[in-house]
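Geometric and topological summary
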Amino acid sequence: MAQPERDERQRLRPAPLLFEPSEAAADPEHFFDLESMEDPTHLLARATELTLAFRAATDRAVEFQAVAAAQLADPRRFDRLTAAEIAGRAEWTEDYAKKMIEFGRSLLDAPAP
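Residues numbered from 1 in each chain as written. Predicted model: local features only at pLDDT ≥ 70, side-chain atom pairs only at ≥ 80, totals over all residues. Heavy atoms only, no water.

1. Digging into the overall build of the protein
Per the secondary structure count, the protein includes five helices and zero strands. Going residue by residue from the N terminus, the α and β elements of the protein occur as α-α-α-α-α. A total of 113 residues make up the protein; the buried ones form 23% of that total. Taking contacts inside the protein between residues at least 6 apart in sequence as the whole, the part at least 24 apart equals 49%. (Helix = DSSP H or I, 4+ residues; strand = E, 2+ residues; numbered from the N terminus. Buried < 20%, exposed > 50% of the residue type's maximum accessible area, 1.4 Å probe, protein only. Contact = heavy atoms within 4.5 Å.)

Printed below as a string of structure tokens:
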């Protein structure tokens, strides 16, 4: 992922993801109260906010996965894991695990902003 692209997404500050009450979450038709919005303008705006928030959350989670994979594969660790072992734990292919380990190392080696 390109650094400028990530910085731009961080500046957008998408809507925060709020946890729904358990009774609302139990209803499969209920999704962040979108189903109750009648004004399509507001529905589009809120759905767009949620889409951006979920994308940003996904990107951050992937970065944390990559960092964890790189740390687990670190040859300096006495208990390091192979790419195949990491792939098994994360339900990835071994090739994808190798790419995530590389990505994680690049994130760890990047200078702090």
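2. Digging into helix H4 (residues 83-90)
Residues of H4 that are buried: Ala-83, Ile-86 and Ala-87. Projection of H4 onto a plane perpendicular to its axis shows the buried side chains occupying an angular sector of 100 degrees, all on one side. Those residues of H4 that are exposed and angled more than 90 degrees off the buried face are Gly-88 and Arg-89. Phi turns positive, to about 60 degrees, at Glu-91, one or two residues after H4. (Arc of directions from axis to C-beta.)

3. Some points on the side chain of Arg-46
With respect to the element layout, Arg-46 can be found in helix H3 (residues 40-72). One polar contact links Arg-46 to Glu-49, side chain to side chain, over a distance of 3.2 Å. (Polar contact = N/O pair within 3.5 Å; in protein donor to acceptor, adjacent residues only side chain to side chain.)

4. A short note on the nonpolar core
If you look at the biggest cluster of nonpolar residues, it comprises 12 residues: Ala-66, Ala-69, Ala-73, Leu-81, Ala-83, Ile-86, Ala-87, Trp-92, Ala-97, Met-100, Ile-101 and Phe-103. The element best represented in this core is helix H5 (residues 94-109), accounting for four residues. Dropping the residues within four chain positions of it, Ile-86 is found in contact with Ala-69, Leu-72, Ala-73, Leu-81, Trp-92, Ala-97 and Ile-101. (Core = buried A, V, L, I, M, F, W, Y, C linked by side-chain atoms within 4.5 Å.)

5. What about the packing of H3 against H5?
Orientation of H3 relative to H5, taken along the N-to-C sense of each, is 95 degrees, at an axis distance of 7 Å. With respect to their mutual orientation, H3 and H5 come out roughly perpendicular. Facing Val-62, Glu-63, Gln-65, Ala-66, Val-67, Ala-69, Ala-70 and Gln-71 of H3, the residues of H5 in contact are Met-100, Ile-101, Phe-103, Gly-104, Arg-105, Leu-107 and Leu-108. A class-by-class count of the residues in the contact of H3 with H5 yields 10 nonpolar, three polar and two charged. (Axes fitted to C-alpha atoms, helices over the stretch in contact; angles between N-to-C directions. Parallel < 35°, antiparallel > 145°, perpendicular 65-115°, else oblique. Nonpolar A, V, L, I, M, F, W, Y, C, P; charged D, E, K, R; others polar.)

6. Quick look at the environment of Arg-46
Owing to a relative accessible area of 17%, Arg-46 belongs among the buried residues under this scheme. Measuring from C-alpha to C-alpha, the distance between Arg-46 and Phe-32 comes to 9.2 Å, with 14 residues separating the pair along the chain.

7. Considering the packing of H4 against H5
One way to put it is that H4 packs onto H5 with a least axis distance of 8 Å and a crossing angle of 105 degrees. Between H4 and H5, the angle is such that the two are roughly perpendicular. Contact residues: H4 offers Ala-83, Ala-84, Ile-86 and Ala-87, while H5 offers Glu-94, Ala-97, Lys-98 and Ile-101. Considering only residue class, the contact of H4 with H5 consists of six nonpolar, no polar and two charged.

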